[in-house]
Amino acid sequence: MNQIPGHFQDLSAFPIPLSESQCVLYKHEILICGGFRERDCYSYHTIKNEYKHICSYPSDVMLRGHCLVKLVNNSKGSDCITLLSFGRSLYAESHTLMMSYVSVWDNDSKMNKSKDNNVWVPFTDNNDCLISIGRDEDDYEGVRAVVGGSNNHLLFITYEPENIDVFDLNTFQYIKRGTLPAGYSVFKHCFVLKPKDGLEMMNTIKHGNKNEKKNKNEMLLFCKKTGLSIEYDEDNNTFQFHKLPICDDISPFYRYSYVYVSGVILLFGGWNGSFLSKVVSKSVHKYSIRENKWTTFENSLPIPLSDSVAILNQDGTYLHIIGGKKNCLTSVPTHMKTKVSKWLNEKNDKTDQIIKEEKHDLQNKIDKDAI
């Protein structure tokens, strides 16, 4: 591993040039599933700094701005997770596929040898009927989605031009379609679910309504000059939207990689969307949710980069940035990591520690009430 100037450390290059990929975390593995016109899926072991091929998408699937999520409710135990991949665009046929994944690093696992695992298969309901996510008229290129809900049963989907849908993973039905007050198309954007922290839960209990926050989901979306806080109320099946500020430095850009960590969103790189006045960014920006404030860092990416993907490791100490395009056209096999603490100031760290203590106190209170 080579140290890159600044805060980044160069890791083993990805086996192929890759951009617009999708990743999920599984224990000490980062599962990297496809990319722009690339069907191969790999597991990267964060301790071994090595890759293993998992499988490929079916030959009739062409990926172009697809989406990948990890389903939380799983009856197969801790040694297996379920992945859901979907996408559709004007230039690629639609797909809605699932994979039961077991570690490719465990050669002795009986589950690993099953033909039903580590392959993409059609997404079906409890009666084995095919389920397709997205309508024929929907353009899902650059779609983003998060899993939330009081029982982790809701899939929130945002896609161009200004759409937000709610798909129930238990009933396999859309239960809400909404319109974002974005003003223009959201595309290859930042979309994150805001976890409920200890302070919010404590305030909920103090006000005597334990279900008030449980049945509300908060999300944040950024794309160019659009910043939105989105709240979905499960009980009333309604959205509320609030505008968020956008700093001038990041307002021309989209197609950045991003992560949520400790009450902030970190965004890396991006492209201004123009082939004439083409600008690919190497900047790193931070949005503090608690302070409603933007920061542009002096330290930046080692190269201008768009269409990369960012993901945290298992304990949240390191952040990995994988693939991307160096000039908005050419995919690269880049893989680097950086310490999360480098991007969080002392105030953020202290606030995070306070929240951990509040969660501990809250759990003690719940345990006492249950006795």
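Residues numbered from 1 in each chain as written. Predicted model: local features only at pLDDT ≥ 70, side-chain atom pairs only at ≥ 80, totals over all residues. Heavy atoms only, no water.

Novice: What should I look at first to understand the side chain of Ser306 in this one?
Specialist: Mapping Ser306 onto the fold places it in the loop between strand S22 (293-296) and strand S23 (309-312). When its relative accessible area of 0% is taken as the criterion, Ser306 is described as buried. Apart from the residues lying within four places of it in its own chain, the contact partners of Ser306 are Arg255, Gly270, Trp271, Val280, Gly324, Lys325 and Cys328. (Helix = DSSP H or I, 4+ residues; strand = E, 2+ residues; numbered from the N terminus. Buried < 20%, exposed > 50% of the residue type's maximum accessible area, 1.4 Å probe, protein only. Contact = heavy atoms within 4.5 Å.)

Novice: What is the right way to look at the state of the cysteines in this model?
Specialist: Disulfides are covalent bonds that connect the sulfur atoms of two cysteines. Tallied over the full model, the rule gives 0 disulfides. Here Cys223 is not cross-linked by a disulfide; its sulfur's nearest cysteine counterpart is in Cys190, at 9.6 Å. (Disulfide = S-S within 2.5 Å.)

Novice: What is the right way to read empty space enclosed by the protein from this model?
Specialist: Gaps left between atoms show up when a probe the size of a water molecule is rolled over them. Within the structure shown, the criterion is met by 1 cavity of 30 Å³ or more. In this structure, the largest cavity encloses a volume near 40 Å³. Secondary structure elements with two or more residues in the lining of the largest cavity: strand S8 (81-89) and strand S9 (92-101). (1 Å grid on protein atoms, 1.4 Å probe; cavity = no way out; pocket = protein on both sides within 12 Å on 5 of 7 lines; lining within 4 Å. Points joined across faces, edges and corners; volume = space filled by probe spheres on them.)

Novice: What's the story with the packing of aromatic side chains in this structure? I'm lost.
Specialist: A ring pair, where both rings are aromatic, is described by two values, the distance of the centres and the angle of the planes. Inspection of the entire model under this criterion finds 22 aromatic pairs. Taking 4.9 Å as the distance between ring centres and 50° as the angle between the ring planes, the aromatic pair formed by Tyr44 and Tyr51 counts as tilted. For Tyr51, a relative accessible area of 17% translates into the label buried. Plain terms: the ring middles of Phe222 and Trp294 are 5.1 Å apart, the flat faces sit at 70° to each other, and that makes the pair edge-to-face. With a gap of 72 residues between them, Phe222 in strand S16 (residues 216-223) and Trp294 in strand S22 connect regions that are remote in the sequence. The pair formed by Phe222 and Trp294 is uniform in burial state, with each residue classed as buried. (Phe/Tyr/Trp six-rings, centres within 6.5 Å; stacked < 30°, edge-to-face > 60°.)

Novice: Is there a simple way to think about the sheet that holds strand S10 (residues 121-122) in this case?
Specialist: Strand pairing in a sheet relies on backbone hydrogen bonds, with the paired strands running either antiparallel or parallel. Read across the sheet, 4 strands follow the order S7-S8-S9-S10 without closing on themselves; strand pairing throughout is antiparallel. The sheet terminates laterally at strand S7 (67-71) and S10, the two strands that pair on one side only. Relative to S9, S8 runs antiparallel, the two sharing 8 bridges. Across the sheet, the residue bridging to Leu83 is Met99, located in S9. (Pairing = 2+ DSSP bridges.)

Novice: Sorry, what's going on with the sheet that holds S16 here?
Specialist: Overall, antiparallel pairing links the 4 strands, which are arranged S15-S16-S17-S18 in an open sheet. The sheet is open, and its two borders are formed by strand S15 (190-194) and strand S18 (238-243), each paired with just one other strand. Going across the sheet, the axis of each strand differs from the next one's by a mean of 20°, ignoring polarity. Pairing between strand S17 (residues 226-233) and S18: 6 bridges, direction antiparallel. Within S18, the position partnered with Glu231 by the bridge is Gln240. (Axes fitted to C-alpha atoms, helices over the stretch in contact; angles between N-to-C directions.)

Novice: I tried to follow the pairing of strand S14 (residues 173-179) on my own but got confused; where do I start?
Specialist: Here is the key point about a regular strand: its side chains alternate between the two faces of the sheet. Pairing of strand S13 (residues 163-168) with S14, which is carried by 6 bridges, proceeds in the antiparallel orientation. Paired with Asp165 across the two strands is Arg177, which belongs to S14. Hairpin connection between S13 and S14: a loop of 4 residues separates the two successive antiparallel strands, and Phe172 in this loop has a positive phi of roughly 60°.

Novice: Can you walk me through unusual backbone geometry in this structure?
Specialist: What you tend to see is this: most non-glycine residues have negative phi, and most peptide bonds are trans. Residue Pro161 is reached from Glu160 by a cis peptide bond, and omega for that bond is 0°. Among the structural elements, Pro161 can be located in the loop between strand S12 (154-159) and S13. The residue Asn118 is not glycine, and still its phi comes out positive at about 60°. On the secondary structure map, Asn118 appears in the loop between S9 and S10. The buried category is assigned to Asn118, whose relative accessible area is 6%.

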